[in-house]
Amino acid sequence: MKRMFLILSIIACVVFSACSDNSVANGTGSNAGETELAIITVKNDGAPVAARVRLWNIEKDSLSLALEGVTGKNGEFEVARKELEKRIVQVQGDSLAGMLFLASAQDQVEIKMAKTVNAVGRVSENGKPVANAEVRVFDTSVKTDEEGNFIVENVPQGALFAYVNANGKNSVFVIDAGDSPSAIELTEEPFILVENFDDWSSRRTLLGKMFGQGWWFISTDSLAGGNSRALNNLWQEDITISGENAFAGSSFHEKFDIDEEFEYPYASAGFALGDDYYEEGLPSFYDLRGMLGISFIAKGSGSVFVQLTCKNSNGEQVYYDSKKVKLADEWAQITIAVSEFDSEDDAFTLQHVNSINFVTTEDSEIYLDNIRIDGISVADWPMLGHSF
């Protein structure tokens, strides 16, 4: 009998709220031909501000500008509601900026502005710096120096798309503009950097900060009557480390004390790809059938395996487990191919994946960094999300 582990999901807040149904008639006197309008409100410190508004399409080779305009003195920008679905909204002032990704059309959207920052990073390939690579964020392009370093000035703080053209190849990445430099590694196959822990104050993945939700959680067998426990609470500062013990920037760190007397002992740390499993707001499931595998950097003691929380083709909640990986004292790149997940279930499918979990069944100390989904481009991510 296959062992199943119950993973705790975190019920996250819906990023946007539908508040009203504004529409304007075109003279027909009926619903036919009416254009539903949405209001984008831009604020700074709670007060409406004037700003430039731009809506961007996410494409494989670049962001393409779909619409632009300026807010009125009341900080409002009126737009056809249908223009907002699966688009990035960027707002820009003299020294302030903000942005949001909209998974679906909304009636009202509020965007908070903050001081602009510089996106700083380094482009490499096979561990070597890539000079003269073009890095584009929105409509600003810069070139890397001889060491592969780049600076894109005056961008919104947080997760951003960065398109890199180098060595005849165009790639897209999500980077985190803020205090820590972003490491961009060029590869033959596309991948999505889901988490690098460099700005973990919200306990959301890098991917979640870009597209919404993506909350981390810690779970143990205490939910089923066991006594396994995690040393660090999710919100404790010690759950991330920096300096010489970290892989780069900041890294995840947790110790698990496992109840070996319990019939099915376990403890885990994991994250939702989108919304909570049972919610119907933002997409709760993602189609990962194009995934080649999951890779991450890890060290520690004990062992860990990767678990996918899914719904199968019959609509049943199922868990697919990889083989156990023995952790070592030194940081190591670990790749779990799709073929390495337990697929005894006849209805095995990665069409409806809700969360990715790092699970142990023995006393373990786990360090994690640079968690990736291999084989899928981040430009395709918005189209893969859905409700079941």
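In case you missed it, the structure is sitting above this.
Here's a quick rundown of the structure. From a predicted model like this one, the values you see are computed outputs, not experimental measurements. (Residues numbered from 1 in each chain as written. Predicted model: local features only at pLDDT ≥ 70, side-chain atom pairs only at ≥ 80, totals over all residues. Heavy atoms only, no water.)

**With respect to unusual backbone geometry**
- At Asn-126, a residue that is not glycine, the phi angle is positive and equals roughly 55 degrees.
- For Asn-126, the position within the fold is in the loop between β11 (117-125) and β12 (128-129).
- Phi is positive for Asn-370, which is not a glycine, with a value near 45 degrees.
- Among the secondary structure elements, Asn-370 is positioned in strand β32 (residues 364-374). (Helix = DSSP H or I, 4+ residues; strand = E, 2+ residues; numbered from the N terminus.)

**Here we look at the side chain of Asp-369**
- Tracing the backbone shows Asp-369 in strand β32.
- Here Asp-369 occupies a buried position and makes no salt bridge, while the nearest side chain of opposite charge, Lys-299, is found at 9.9 Å.
- Of note is the side chain of Asp-369, whose polar atom sits 2.6 Å from the side chain of Ser-251.
- Beyond its immediate stretch of four places on either side in the chain, Asp-369 contacts Glu-195, Asn-196, Phe-197, Phe-247, Ala-248, Ser-250, Ser-251, Phe-296, Ile-297 and Trp-331. (Buried < 20%, exposed > 50% of the residue type's maximum accessible area, 1.4 Å probe, protein only. Lys, Arg positive; Asp, Glu negative; His and termini not counted. Salt bridge = Lys/Arg side-chain N within 4 Å of Asp/Glu carboxyl O. Polar contact = N/O pair within 3.5 Å; in protein donor to acceptor, adjacent residues only side chain to side chain. Contact = heavy atoms within 4.5 Å.)

**A short note on the sheet that holds strand β5 (residues 63-70)**
- On the basis of which strands lie adjacent, the open sheet formed by five strands has the order β5-β4-β7-β8-β10 and antiparallel pairing. The strands lining the two open edges of the sheet, one partner per strand, are β5 and β10 (114-115).
- Across five bridges, the pairing between strand β4 (residues 52-58) and strand β7 (residues 87-92) is antiparallel. Counted as the bridge partner of Trp-56 is Ile-88 from β7. (Pairing = 2+ DSSP bridges.)

**Remarks on the pairing of β5**
- Examined bridge by bridge, β4 and β5 share seven bridges and lie antiparallel to one another. The residue bridging Val-53 from the neighbouring strand is Gly-69, located in β5.
- Joining the antiparallel neighbours β4 and β5 is a turn of four residues.

**Some remarks on the side chain of Gln-213**
- Its place among the elements puts Gln-213 in the loop between α1 (206-211) and β20 (216-220).
- For Gln-213, a relative accessible area of 0% gives the class buried.
- A polar contact is formed between the side chain of Gln-213 and the side chain of Trp-215, at a distance of 3.2 Å.

**A closer look at the nonpolar core**
- Counting residues in hydrophobic clusters, the biggest one holds 86 residues, and the most contacted among them are Ile-88, Phe-161, Phe-296, Leu-308 and Trp-381.
- Dropping the residues within four chain positions of it, Phe-296 is found in contact with Val-306, Ala-332, Gln-333, Ile-334, Ile-336, Phe-358, Leu-368, Asp-369, Asn-370 and Ile-371.
- Counting residues in each nonpolar core, the second largest holds 17 residues, with Ile-40, Val-53, Val-89 and Leu-96 among its members. (Core = buried A, V, L, I, M, F, W, Y, C linked by side-chain atoms within 4.5 Å.)

**Overview of the packing of aromatic side chains**
- In total, this model carries 16 aromatic pairs according to the counting rule given.
- Ring geometry for Phe-197 versus Trp-216: centroids 5.4 Å apart, planes at 45 degrees, classification tilted. Of the two residues, Phe-197 sits in the loop between β19 (191-195) and α1 while Trp-216 sits in strand β20, which places them 19 residues apart along the sequence.
- Judged by relative accessible area, which is 1%, Phe-197 ranks as buried.
- The exposure class of Trp-216 is buried, given its relative accessible area of 2%.
- A centroid spacing of 5.0 Å and a plane angle of 55 degrees characterise the contact between Trp-216 and Phe-271, whose relative ring orientation is tilted. In this pair, Trp-216 is assigned in strand β20 and Phe-271 in strand β24 (residues 267-272), connecting sequence segments 55 residues apart. For the pair Trp-216 and Phe-271, one class covers both residues: buried.
- Connected via pairs of aromatic rings, a cluster forms that spans Phe-197, Trp-200, Trp-216, Phe-252 and Phe-271.
- Over the ring of Trp-215 we find Arg-204, and its NZ or CZ is 5.1 Å from the ring centre.
- Positioned above the aromatic ring of Tyr-367 is the side chain of Lys-299, whose terminal nitrogen or guanidinium carbon lies 4.9 Å from the ring centre. (Phe/Tyr/Trp six-rings, centres within 6.5 Å; stacked < 30°, edge-to-face > 60°. Lys NZ or Arg CZ within 6 Å of the ring centre and 35° of its normal.)

In short, shape yes, function no, at least from these values alone.
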